[in-house]
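# Analysis of the macromolecular model
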Amino acid sequence: LLAAVTGKEEDGVTVFDAKTGAEKFRIKAPKGAGAIAFSADGAHLFVGQSRPSDDGNADPILVRRYDLKTGKDVQSWKALPIEKGAAQPDSRSVGAVLALANGKTLVVAEERAFAPNQPPPGAPGRPGRVGEAVERVVRVIDLAGREPERTVRTGRVALGADADGRWVAYGELDSSNLNDMRVV
């Protein structure tokens, strides 16, 4: 199977037969679906939101688990909570989702972006995109909910893991030197 985020007006995820390219079915995922991963047994699809809907919810749902037989949303995870008194992010999203081969663990790279105060339209200043501060957290989630979730704060991230899920690796990229990749 092969899955791809598809749709213009309404986001969704289409699952294709990898050998023939034929469309098998479509999952109605909320607008903003981005990162996707199949479970090890191929029974579920995890969908991370790259731009969650702003429904006023302080802790929006960022990852959903869909049953591939029914297409139904069977489990979901909210964004990490914001500590009391902490700055509120302007956006939250999922950069990557990795379902480990052990079938018990999900790894999620969550991002929170904090945009600096923007000048009003037409104000003097440099044109173009204003920089933003981004906080990235790698979350290790026990799918059965028996073990506490583990988190690690990191820079720009690439994910990997060993086959049995005991080790999760992430790479940090220093944006001041794009040739310097650190694996932690």
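Note that this is a predicted model, so its numbers are computed, not measured. (Residues numbered from 1 in each chain as written. Predicted model: local features only at pLDDT ≥ 70, side-chain atom pairs only at ≥ 80, totals over all residues. Heavy atoms only, no water.)

Take the sheet that holds strand β5 (residues 44-49) next. Spatial strand order, β4-β5-β6-β7: four strands in an open sheet with antiparallel pairing. Looking at strand neighbours, the two that pair on one side only are β4 (33-38) and β7 (73-78), the edges of this open sheet. The average undirected angle you get between the axes of adjacent strands in this sheet is 20 degrees. Strand direction decides the pairing type here: strand β6 (residues 61-67) and β7, joined by five bridges, are antiparallel. Within the sheet, the bridge partner assigned to Tyr66 lies in β7 and is Asp73. (Pairing = 2+ DSSP bridges. Helix = DSSP H or I, 4+ residues; strand = E, 2+ residues; numbered from the N terminus. Axes fitted to C-alpha atoms, helices over the stretch in contact; angles between N-to-C directions.)

On inspection of all chains with the given rule, the structure shows four salt bridges. One salt bridge connects Arg139 with Glu110, and the closest N-O pair in it is separated by 2.7 Å. Placement of the pair is Arg139 in strand β10 (residues 133-142) and Glu110 in strand β9 (residues 105-114), with a sequence separation of 29 residues. The same class applies to Arg139 and to Glu110, which are both buried. Here Glu111 makes a salt bridge to Arg136, at a shortest N to O gap of 3.3 Å. Residue Glu111 is located in strand β9, and its partner Arg136 is located in strand β10; the two are separated by 25 residues in the primary sequence. (Salt bridge = Lys/Arg side-chain N within 4 Å of Asp/Glu carboxyl O. Buried < 20%, exposed > 50% of the residue type's maximum accessible area, 1.4 Å probe, protein only.)

All chains considered together, the criterion is met by one aromatic pair. Arranged with centres 6.3 Å apart and planes meeting at 40 degrees, the rings of Phe46 and Trp77 form a pair that is tilted. Taken together, the residues span a long stretch of sequence, with Phe46 in strand β5 and Trp77 in strand β7 at a distance of 31 residues. (Phe/Tyr/Trp six-rings, centres within 6.5 Å; stacked < 30°, edge-to-face > 60°.)

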